[in-house]
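Architecture at a glance
As a plain string of letters, each chain reads:
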Amino acid sequence: MQGLVIRSTGSWYEVQETILQENLSDDLQVDNQQPREVMKCRLKGKFKTKELKITNPIAVGDRVIYEIENESEQTGVITNILPRDNYIIRKSVHKTAHGQLIASNLDQAMIIATLTSPRTSLGFIDRFLVAAESFRIPAVVIFNKTDLLSEEGLEYQQELVEIYEKIGYKCLQTSTTENLNIDKFEFALKDKKTLLSGHSGVGKSSLVNALNPALDIRTAEISTFANKGIHTTTFAQMFEITRNSYIIDTPGIKELGLMDISPAELSHYFPEMRNFLNKCKFNNCLHTHEPKCVVRDAVEAGEIAECRYQSYLSMLENDDDRR
Ligand SMILES: Nc1nc2c(ncn2[C@@H]2O[C@H](COP(=O)(O)OP(=O)(O)O)[C@@H](O)[C@H]2O)c(=O)[nH]1
Ligand SMILES: [Mg+2]
Ligand SMILES: [Zn+2]
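What comes next concerns the included structure. (Residues numbered from 1 in each chain as written. Chains lettered and ligands numbered in written order. Predicted model: local features only at pLDDT ≥ 70, side-chain atom pairs only at ≥ 80, totals over all residues. Heavy atoms only, no water.)

With that settled, consider the coordination of the zinc ion (ligand 3). Bound to the zinc ion (ligand 3) are the protein donor atoms Cys-280 (SG), Cys-285 (SG), His-287 (ND1) and Cys-293 (SG), situated 2.0 to 2.4 Å from the metal. Relative to the metal, the 4 donor atoms surrounding the zinc ion (ligand 3) lie at angles of 104 to 113°, and the coordination shape comes out tetrahedral. For the zinc ion (ligand 3), the single-chain donor residues occur in sequence as C-x4-C-x1-H-x5-C. (Donors = N, O, S within 2.8 Å, 3.2 Å for Na, K, Ca; no water. Tetrahedral: all angles 85-135°; square planar, octahedral: opposite > 155°, others 65-115°.)

What follows deals with the pairing of strand β5 (residues 75–81). Along β5, 5 of the 7 residues are buried, which leaves the element largely enclosed by surrounding structure. Here strand β3 (residues 38–43) pairs with β5 via 4 bridges, running parallel. Paired with Lys-40 across the two strands is Thr-75, which belongs to β5. Hairpin connection of strand β4 (residues 63–70) to β5: 4 residues between the antiparallel strands, including Gln-74 at a positive phi of 55°. (Buried < 20%, exposed > 50% of the residue type's maximum accessible area, 1.4 Å probe, protein only. Helix = DSSP H or I, 4+ residues; strand = E, 2+ residues; numbered from the N terminus. Pairing = 2+ DSSP bridges.)

Moving on, we get to the sheet that holds strand β13 (residues 245–249). Spatially, the 6 strands line up as an open sheet ordered β10-β9-β8-β11-β13-β12, and their pairing is mixed. Only two strands of the sheet have a single partner each, and these edge strands are β10 (170–173) and β12 (237–242). Averaged over all pairs of adjacent strands, the angle between strand axes in this sheet comes to 25°, irrespective of strand direction. As paired elements, strand β9 (residues 139–143) and β10 share 4 bridges and run parallel to each other. (Axes fitted to C-alpha atoms, helices over the stretch in contact; angles between N-to-C directions.)

On inspection of all chains with the given rule, the structure shows 9 salt bridges. Measuring nitrogen to oxygen at the nearest pair gives 3.2 Å for the salt bridge that ties Asp-85 to Arg-63. With Asp-85 in the loop between β5 and β6 (87–91) and Arg-63 in strand β4, this residue pair connects regions lying 22 residues apart in the sequence. One salt bridge in this structure joins Asp-191 and Lys-190, with 3.7 Å as the shortest N-O distance. (Salt bridge = Lys/Arg side-chain N within 4 Å of Asp/Glu carboxyl O.)

Quick look at empty space enclosed by the protein now. Following the criterion strictly, the structure yields 1 cavity of 30 Å³ or more and no others. Each pocket or cavity is described by its volume, and for the largest cavity that value is around 30 Å³. Lining the largest cavity are Ser-8, Asn-56, Ile-58, Ala-59, Val-60, Leu-101, Ile-102, Phe-235 and Ala-236. Partitioned by chemical class, the residues of the lining of the largest cavity number 7 nonpolar, 2 polar and no charged. (1 Å grid on protein atoms, 1.4 Å probe; cavity = no way out; pocket = protein on both sides within 12 Å on 5 of 7 lines; lining within 4 Å. Points joined across faces, edges and corners; volume = space filled by probe spheres on them. Nonpolar A, V, L, I, M, F, W, Y, C, P; charged D, E, K, R; others polar.)

On to the environment of Gly-99, then. Residue position: Gly-99 is located in strand β7 (residues 99–104). Residue Gly-99 is classed as buried on the basis of its relative accessible area, which comes to 1%. In this structure, the C-alpha to C-alpha distance between Gly-99 and Asn-56, residues 43 residues apart in sequence, is 8.5 Å.

Inside soluble globular proteins, nonpolar side chains tend to come together where they are buried. The biggest cluster of nonpolar side chains holds 38 residues, and the ones touching the most others in it are Ile-88, Ile-125, Leu-129, Phe-143, Tyr-164 and Ile-248. For this core, the secondary structure elements donating two or more residues are β1 (2–8), β6, β7, β8 (108–113), α1 (122–134), β9, α2 (151–166) and β13. Take this core: its biggest share by element is 6 residues, from α1. Taken together, domain 1 (2–83) and domain 2 (104–256) each give at least three residues to this core, which thus spans both. Setting aside its immediate chain neighbours within four residues, Ile-125 contacts Ile-111, Ala-113, Thr-120, Val-141, Phe-143 and Tyr-164. (Core = buried A, V, L, I, M, F, W, Y, C linked by side-chain atoms within 4.5 Å. Domains from an automatic or database assignment. Contact = heavy atoms within 4.5 Å.)

Attention now moves to the pairing of β8. Each regular strand displays side chains that alternate between the two surfaces of the sheet. A large share of β8 lies buried, amounting to 6 of its 6 residues. Relative to strand β11 (residues 193–197), β8 is paired through 4 bridges, and the arrangement is parallel. Note that in β11 the partner of Ile-111 across the bridge is Ser-197. In the sheet, β8 pairs with β9 via 5 bridges, with the strands oriented parallel. Bridging across to β9, Ala-109 finds its partner in Ala-139. For the crossover from β8 across α1 to β9, the handedness is right-handed. (Right-handed = clockwise from strand over helix to strand, strands pointing away.)

Pasting the structure below:
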């Protein structure tokens, strides 16, 4: 049987049955009603993690092959892991040469930001976007609490949306209190597996709650559990907010820590810089002060947004934070 890992404790895994197209019953041709079982599974034997140096062999989002062990107790055994489209990983707390696999097979990574109460800095958003680029996962920026913004605030937010959309990031301006663009938020999540991140207080729970009130309690429980630090290694969890739309709630942005991005590589994760990269005078140009740097020229010409360039510089400086 094929399934999707929706929860992991490190020793056992909750696997949700995947209904393959050919197995759909005739009267339920669309996969939106057929019940799916969830089994508590163990791993069969030792799994080779191959070239990936990871401390945990399986994470939420993994597609696996499993066998039912005990139907009445709903237990099973995972026999195989299907190839991953992508994955996110962070440095292991214990084994520094190894990473901890957080989640795999993501369709997108979404950052929930607010310009006020609390203020999410642009540096924070850009770090998130760079991390998503480095994992090759499309990123989306949600500006929530739009209702709190003044006229000037709204204009500024609109400018940011234009900056980010121009370089390829989908953006939404939402408000849960005024039900603004919640339908678009729901549509953006539809049939996808989405990593949801953002500072505490920006409205992650409220947004999720607006789509599926039943999930609120569970996500709240996870956050407090993670905050108390009962486990040094907290595992991400996946929630099905509507049929086949999943979110992965990470305990914090640190989960998306930038692993091993060298200064020379960093500009590759700024999509608007990519076109310029081989055109600087020096082929090892870091675009900070070097003469004949086309990236700095582009910033001066307004082709690259100044705020994005500032984030780039600050990430170069804070090399330690990224590792
Ligand atoms: N004004 C305003 N407040 C909001 C909005 N969304 C959430 N809040 C409030 O912000 C606070 C934090 O929201 P919560 O969903 O718990 O944030 P989380 O920590 O990211 O899960 C709560 O008091 C919410 O009622 C919004 O769009 N506008
Ligand atoms: Mg919350
Ligand atoms: Zn340069």
